[in-house]
Amino acid sequence: MGVAFITGAGSGIGAGTARVLAGHGHTVVCADLDLDAAERVAAELGSGHAVRLDVGDPDACRTAVEDTVARFGRVDHVVTCAGTNMRAPAHELSAADFRRVMDINVLGTLSVAQAAARDMIARGEPGSMVFIGSINSVIALPGQTAYGTSKAAVVMLGRVLAVDWGGYGIRVNVVGPGLTRTPMAAGMLADEDRVAWAMERIPLRRVAEPEDIGDVIAFLLSDDARHVTGTFLPIDGGWMTGV
Ligand SMILES: NC(=O)c1ccc[n+]([C@@H]2O[C@H](COP(=O)([O-])OP(=O)(O)OC[C@H]3O[C@@H](n4cnc5c(N)ncnc54)[C@H](O)[C@@H]3O)[C@@H](O)[C@H]2O)c1
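Residues numbered from 1 in each chain as written. Predicted model: local features only at pLDDT ≥ 70, side-chain atom pairs only at ≥ 80, totals over all residues. Heavy atoms only, no water.

1. What about the sheet that holds strand S1 (residues 3-7)?
One open sheet accounts for seven strands, arranged S3-S2-S1-S4-S5-S6-S7; its pairing is parallel. One side of each edge strand has no neighbouring strand; the edge strands of this open sheet are strand S3 (48-52) and strand S7 (232-235). Strand-to-strand twist of the sheet, defined as the mean angle between neighbouring strand axes without regard to direction, takes the value 20 degrees. Note that strand S5 (residues 128-132) and strand S6 (residues 171-177) share five bridges and pair parallel. What sits directly across from Ile132, in S6, is Val175. (Pairing = 2+ DSSP bridges. Helix = DSSP H or I, 4+ residues; strand = E, 2+ residues; numbered from the N terminus. Axes fitted to C-alpha atoms, helices over the stretch in contact; angles between N-to-C directions.)

2. Remarks on the nonpolar core
Considering soluble globular proteins, one finds that nonpolar side chains tend to be buried as a cluster. Of all hydrophobic cores here, the largest spans 33 residues; its most connected members are Phe5, Leu53, Val112, Met129, Phe131, Trp165 and Val172. Put simply, the parts of the chain that give this core at least two residues each are S1, strand S2 (27-32), helix H3 (58-72), helix H4 (95-123), S5, helix H5 (145-165) and S6. When residues in this core are grouped by element, the largest group, eight residues, is from H4. Sequence-distant contacts of Met129, defined by excluding residues within four places in its chain, comprise Val78, Ala113, Ala116, Ala117, Met120, Trp165, Ile170, Arg171, Val172, Asn173 and Leu221. (Core = buried A, V, L, I, M, F, W, Y, C linked by side-chain atoms within 4.5 Å. Buried < 20%, exposed > 50% of the residue type's maximum accessible area, 1.4 Å probe, protein only. Contact = heavy atoms within 4.5 Å.)

3. A short note on the pattern of salt bridges
Counted under the stated rule, the structure contains 11 salt bridges. A salt bridge links Asp59 to Arg62; the shortest N-O distance between them is 3.5 Å. Highlighted residues: Asp59 and Arg62, both in helix H3, separated by three residues, approximately one helical turn. For Asp59, a relative accessible area of 46% gives the class partly exposed. Residue class for Arg62 comes out partly exposed when judged on its relative accessible area of 35%. Ionic pairing is found between Arg62 and Glu66, a salt bridge with its closest N-O pair at 3.9 Å. (Salt bridge = Lys/Arg side-chain N within 4 Å of Asp/Glu carboxyl O.)

4. With respect to helix H2 (residues 35-45)
Every α-helical turn comprises 3.6 residues, leaving residues that sit three or four positions apart pointing alike. Buried within H2 are the following residues: Ala37, Ala38, Val41, Ala42 and Leu45. Projected onto a plane normal to the axis of H2, the buried residues spread over an arc of 130 degrees and lie on a single side. For H2, exposure combined with an orientation more than 90 degrees from the buried face picks out Arg40 and Ala43. Sitting at the amino-terminal end of H2 is Asp34, which places a side-chain oxygen 3.2 Å from the backbone nitrogen of Asp36. Within two residues after H2, Gly46 carries a phi angle of roughly 85 degrees, on the positive side. (Arc of directions from axis to C-beta. Polar contact = N/O pair within 3.5 Å; in protein donor to acceptor, adjacent residues only side chain to side chain.)

5. Here's the deal with the site of the ligand
Of all residues adjacent to the ligand, which total 28 residues, the nearest are Ser11, Ile13, Asp32, Tyr147 and Thr182. Separating an oxygen atom of the ligand from a side-chain N or O atom of Ser11 is a distance of 2.6 Å. One nitrogen or oxygen atom from the main chain of Gly12 is found 3.5 Å from an oxygen atom belonging to the ligand. Coverage of the ligand by the protein chains reaches 90% of its 830 Å² of free accessible surface. Elements that contribute at least two residues to the shell around the ligand include exactly helix H1 (12-23), H4 and H5. Classifying every residue of the shell around the ligand gives 14 nonpolar, 10 polar and four charged. (Near = heavy atom within 4 Å. Areas by Shrake-Rupley, 256 points an atom, 1.4 Å probe, with all protein chains shown as cover. Nonpolar A, V, L, I, M, F, W, Y, C, P; charged D, E, K, R; others polar.)

Next up, the structure:
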């Protein structure tokens, strides 16, 4: 089994994915801005290791991946769950907030992926990566100028990296979670009207659990998906079938 480097692993989808991958026998490196949270998840996994990382800092991303290679010998899989959102009406969104969302959601994804790809290419041992998009990669919702733009960019980032690194055998795919039970979605989940609005749009009529997302990520990372790269796979209970 391989070494998986997961950003945002201290909470929500990242923590759920860490549990799934550890269950498949992977060594999991839990990277998060919140070191305490990452340490809690890593301790729960047994085989986990926690690191503090702000993915908005490209140099820190490179160092964190290089440290992982130094400790475990390689990185086989990358999952980029670290993400943020700044909701604001488009005409009130500040440049600083827009940049911060793009730095974390897009540049952070690229920086970690680049560092891992450099190691895979140098070793001649390709691995696989999954980035976290969203239904917001495709659907425009109010107040989501920065988030929606960033999540659409993550889909194209996955596609261009799949093209650039395909010759090395490195696979890159993007998943698009719909409404998922995590702290990021807690505000929406606490609002009955908004949940009812969402349920009208989700054919499977339920909120996803983090492990629903983690199981699909594990498949895309695995050799079962060996001829799959550059895809965008919604995990949304069917929400996007209706748009
Ligand atoms: N929850 C949903 O409904 C939903 C739907 C679609 C997509 N997503 C995406 O899934 C991903 C995970 O979100 P979640 O719902 O699990 O949220 P979450 O808030 O539970 O977890 C996000 C984690 O990312 C970490 N993080 C934030 N900024 C960071 C940074 N700069 N560097 C490193 N770590 C950082 C946080 O500390 C936290 O542990 C995000 O990209 C989010 O946009 C979530």
